[in-house]
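# Observations on the model geometry
Chain by chain, the residues run as shown.
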Amino acid sequence: MKKVLNNMNRPLLIVTSILLCFGLIMIQSASSMESYMRYAKSPYYYFIKQAVFVVAGLIASCFILIFPTKNYKKMSNLFILGSIGILILVYMYGTSANNAKSWFDLGFVSIQPSEFVKIAIILYLAVYYEKHSDELSELSVLLKPISLIIIAFILIAAQPDLGTASILLLMTGLIFYAVPIPEDKRKFLNKIILSGVLLVVVLLLVMGKSILKDYQLQRFNFLDPCERYQEKSGYQLCNSFIAFSNGGLNGQGIGESTQKYLYLPESYTDFIFPIIVEEWGLVVGIIIIIIYAILLYIIYQIAKKATNLRNSLIAYGVLIYLLLHISVNLIGVMGIGPLTGVPLPFLSYGGSYTLSLIIAIALVQRVHIETTIKNNKKAQSLV
């Protein structure tokens, strides 16, 4: 274990630790009023629940850090098939929350399996494409994994949780660009992906009212939300704008947000960023975005330096996973695009998401550890 700890990527550890600690502080601040006023619970209720999942994630990380990635070769198929099986069980026996049947209520805690499916898909694709690295010129080999992922997408979309389903599909598509595919095949795949995107857009325009439910359609109506303050399509986003406006450059001060007093729904989950800006100001909001950029760059470097395709794709997959969550969340709460219910990494409340996120970072650390150990052995052999 000592050898593992000595070879960890310290910048990655420091950045993720800062985000996790700041996230706990902001979850406490953003959730205290809603916890007490709406649910008659302790002001520390959500903070404690989040802290428990953070600790659980750190414990799980200890095992992942010492677990060689080559062992996933025997487990990746089990992960993806098990994920599909669990998603079927959720569809049949799951608990509904926020208009989606996405949860298993275990009494003392609720688990959202779809969050762990993202990690399973990253591992599955990484192992699959390394195994078939000599056959990547064959389209049938390249596209074979898509069938299982489409099944997972349909099951998550049927819950319905279009935010998570969209992230899953986008993540899969972008991982293709990290696979060393021959140029002619890449051009062909680009056409397929572009055609798929256009098909989805056309279907939404032509059949949106019959495919999507009313509350889902309302999310696409994100322009000028304050003109619709009394409507569901404008209320949440307008309060987000008010939080940004209240914050100004320097913020109202920690704990001084007014929007968390039941004005801004989900202030401690999807809309944590407006509360951060309201309390800490635009300057800190920009610093957080810069920290995210540093985090993504660190992971990119780890992916780039990985000594095999499997490890490279694991790190690239986690990079894409984080990038999509950051982008989709900020685009939604800033009114640049539709709201999707996607949490902000490390800062939003969400036990299952936080646990899967810490596991993802631990996987990247394991990739770095294996790269460092291998490079050190190579250097010693040359001496």
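Described in the following lines is the structure provided in the data block. (Residues numbered from 1 in each chain as written. Predicted model: local features only at pLDDT ≥ 70, side-chain atom pairs only at ≥ 80, totals over all residues. Heavy atoms only, no water.)

## Section: the overall build of the chain
Stated precisely, the cut-off is as follows: Only DSSP runs of H or I covering at least 4 residues are called helices, and only runs of E covering at least 2 are called strands; the numbering of each starts at the N terminus. For a compact globule the rule gives 2.2 Å times the number of residues to the power 0.38, and the radius of gyration it is set against comes from C-alpha atoms. Exposure classes here rest on a 1.4 Å probe applied to the protein chains alone. A residue is buried below 20% of its type maximum, exposed above 50%, and partly exposed in between. The criterion used for residue contact is that any of the two residues' heavy atoms lie within 4.5 Å. Per-residue accessibility takes into account occlusion by the displayed protein chains alone, with areas from the Shrake-Rupley method and a 1.4 Å probe. Neither His nor the chain ends is counted toward charge; the positive residues are Lys and Arg and the negative residues Asp and Glu. Throughout, a charge is located at the NZ atom of Lys, the CZ atom of Arg, the CG atom of Asp or the CD atom of Glu.
The secondary structure content of the chain amounts to 15 helices and three strands. For 383 residues, the compact-globule formula gives about 21 Å, and the C-alpha radius of gyration of the chain, at 21 Å, lands near that figure. C-alpha extents for the chain along the principal axes are approximately 65 × 50 × 40 Å. A total of 383 residues make up the chain; the buried ones form 50% of that total. For the chain, the share of sequence-separated contacts (at least 6 apart) that also reach a separation of at least 24 residues comes to 70%. Of the roughly 18500 Å² of accessible surface on the chain, a fraction of 67% belongs to carbon and sulfur atoms. Mean positive and mean negative side-chain charge positions of the chain (30 and 20 charges, respectively) differ by 12 Å.

## Some thoughts on the packing of helix 5 (residues 113–131) against helix 8 (residues 162–175)
The condition that has to hold: Whenever a helix is involved, its axis is fitted only over the stretch in contact; in every case the axis is a line through C-alpha atoms, and angles between N-to-C directions fall within 0 to 180 degrees. An angle below 35 degrees is treated as roughly parallel, one above 145 as roughly antiparallel, one from 65 to 115 as roughly perpendicular, and anything else as oblique. With the far helix as reference, a near helix turned anticlockwise by less than a right angle produces a left-handed crossing, and one turned clockwise produces a right-handed crossing. Residues are sorted three ways: Asp, Glu, Lys and Arg are charged, Ala, Val, Leu, Ile, Met, Phe, Trp, Tyr, Cys and Pro are nonpolar, and all the rest, Gly among them, are polar.
The contact between helix 5 and helix 8 brings their axes to 10 Å, and the two run at 10°. With respect to each other, helix 5 and helix 8 are oriented roughly parallel. As helix 5 packs across helix 8, the resulting crossing turns out to be right-handed. Residues Ser114, Glu115, Val117, Lys118, Ile121, Ile122 and Leu125 of helix 5 form the contact with helix 8, whose participating residues are Thr164, Ile167, Leu168, Met171, Thr172 and Ile175. Here the contact of helix 5 with helix 8 is built from residues that sort into eight nonpolar, three polar and two charged.

## Regarding the pattern of salt bridges
Heads up, the condition is: Each salt bridge in this description consists of a side-chain nitrogen of Lys or Arg and a carboxyl oxygen of Asp or Glu lying within 4 Å of one another.
In this structure the tally under the stated criterion is four salt bridges. Put simply, arginine 310 and glutamate 130 hold a salt bridge, and the shortest N to O gap is 2.9 Å. With arginine 310 in helix 14 (residues 309–333) and glutamate 130 in helix 5, the pair connects residues that are 180 residues apart, well separated along the chain. Between glutamate 279 and lysine 260 there is a salt bridge, with the nearest N and O atoms lying 3.4 Å from each other. Here glutamate 279 is found in helix 12 (residues 272–280), whereas its partner lysine 260 is found in the loop between helix 11 (232–247) and helix 12, with 19 residues between them in sequence. The burial state of glutamate 279 is the same as that of lysine 260; both residues are buried.

## Topic: the nonpolar core
Rules: Take the buried residues of types Ala, Val, Leu, Ile, Met, Phe, Trp, Tyr and Cys, join any two whose side-chain atoms come within 4.5 Å, and each joined set is a nonpolar core.
Membership of the largest hydrophobic core comes to 100 residues, with the highest contact counts inside it found for Tyr129, Ile299, Leu322, Phe346 and Leu347. The element best represented in this core is helix 14, accounting for 15 residues. Ranked by size, the runner-up nonpolar core spans five residues in total, among them Met8, Leu65, Ile369 and Ile373.

## Section: empty space enclosed by the protein
The criterion, for reference: Throughout, the protein atoms alone are placed on a 1 Å grid, and a set of points is a cavity if a 1.4 Å probe fits but cannot get out or a pocket if it is open with protein on both sides within 12 Å along at least five of seven lines; lining residues have an atom within 4 Å of a point. Grid points are joined across faces, edges and corners, and a volume is the space filled by probe spheres set on the points.
The final tally for this structure, using the stated rule, is one cavity of 30 Å³ or more. Empty space within the largest cavity amounts to approximately 30 Å³. The wall of the largest cavity is formed by Leu125, Tyr129, Ile146, Thr172, Ile175, Phe176 and Val179. Counting residues per element, the ones that place at least two in the lining of the largest cavity are helix 5 and helix 8.

## Structural notes on helix 13 (residues 282–305)
Cut-off, in case you're wondering: How far a helix is expected to stretch is found by multiplying one less than its residue total by 1.5 Å.
Counted at 1.5 Å a residue, the expected span for helix 13 with its 24 residues is 34 Å, and the 35 Å between its end C-alpha atoms agrees. For helix 13, every residue scored as buried is listed here: Val284, Gly285, Ile288, Ile291, Tyr292, Leu295, Leu296, Ile298, Ile299, Gln301, Ile302 and Ala303.

## Here's the deal with the side chain of serine 83
Take serine 83: it is sitting in helix 4 (residues 76–93). Ignoring sequence-local partners within four residues, the contact set of serine 83 consists of Val117 and Ala120.

## Regarding a nonpolar patch on the surface
Formally: The patch calculation keeps residues exceeding 30% relative accessible area without a salt bridge and links them within 9 Å when they carry like charges or within 5 Å when they are nonpolar (Val, Leu, Ile, Met, Phe, Trp, Tyr).
On the surface, a cluster of nonpolar side chains totalling about 600 Å² of accessible area is made up of Leu249, Leu282, Val283, Ile286, Ile287, Ile290 and Ile294. Along the polypeptide, valine 283 turns up in helix 13. Taking the relative accessible area as the measure of exposure, valine 283 reaches 42% and is therefore partly exposed.

## Points about the pairing of strand 2 (residues 100–105)
As a reminder, the rule being used: Note on pairing: DSSP must find at least two bridges between two strands before they are called paired.
Strand direction decides the pairing type here: strand 1 (residues 95–97) and strand 2, joined by three bridges, are antiparallel. When the bridges of strand 2 are listed, alanine 97 appears paired with alanine 100. With two bridges joining them, strand 2 and strand 3 (residues 110–111) adopt antiparallel strand pairing. Directly across from phenylalanine 104, in strand 3, lies its bridge partner isoleucine 111. If you look at the hairpin formed by strand 2 and strand 3, you'll find four residues sitting between the two strands, and glycine 107 has a positive phi there, around 90°.

## Concerning the packing of aromatic side chains
We describe a pair of aromatic rings using the distance from one ring centre to the other and the angle between the two ring planes. Condition: Each Phe, Tyr or Trp ring (for Trp, its six-membered ring) is paired with any other whose centre lies within 6.5 Å, and the angle between the two planes then decides the class: stacked below 30 degrees, edge-to-face above 60, tilted in between.
Going through the model one piece at a time under the given rule, you end up with 13 aromatic pairs. With centroids separated by 6.3 Å and ring planes inclined at 35°, the aromatic side chains of tyrosine 124 and tyrosine 128 adopt a geometry described as tilted. Note that tyrosine 124 and tyrosine 128 are positioned in helix 5 at a spacing of four residues, about one turn of the helix. A single burial state applies to tyrosine 124 and to tyrosine 128, both of which are buried.

## Notes on the sheet that holds strand 1
Within the open sheet, the three strands sit side by side as 1-2-3. Their pairing is antiparallel. The open sheet terminates on both sides in strands that have one partner only, identified here as strand 1 and strand 3. Set on the sheet, helix 4 makes contact with strand 1 and strand 2; between it and strand 2 the angle comes to about 100°.

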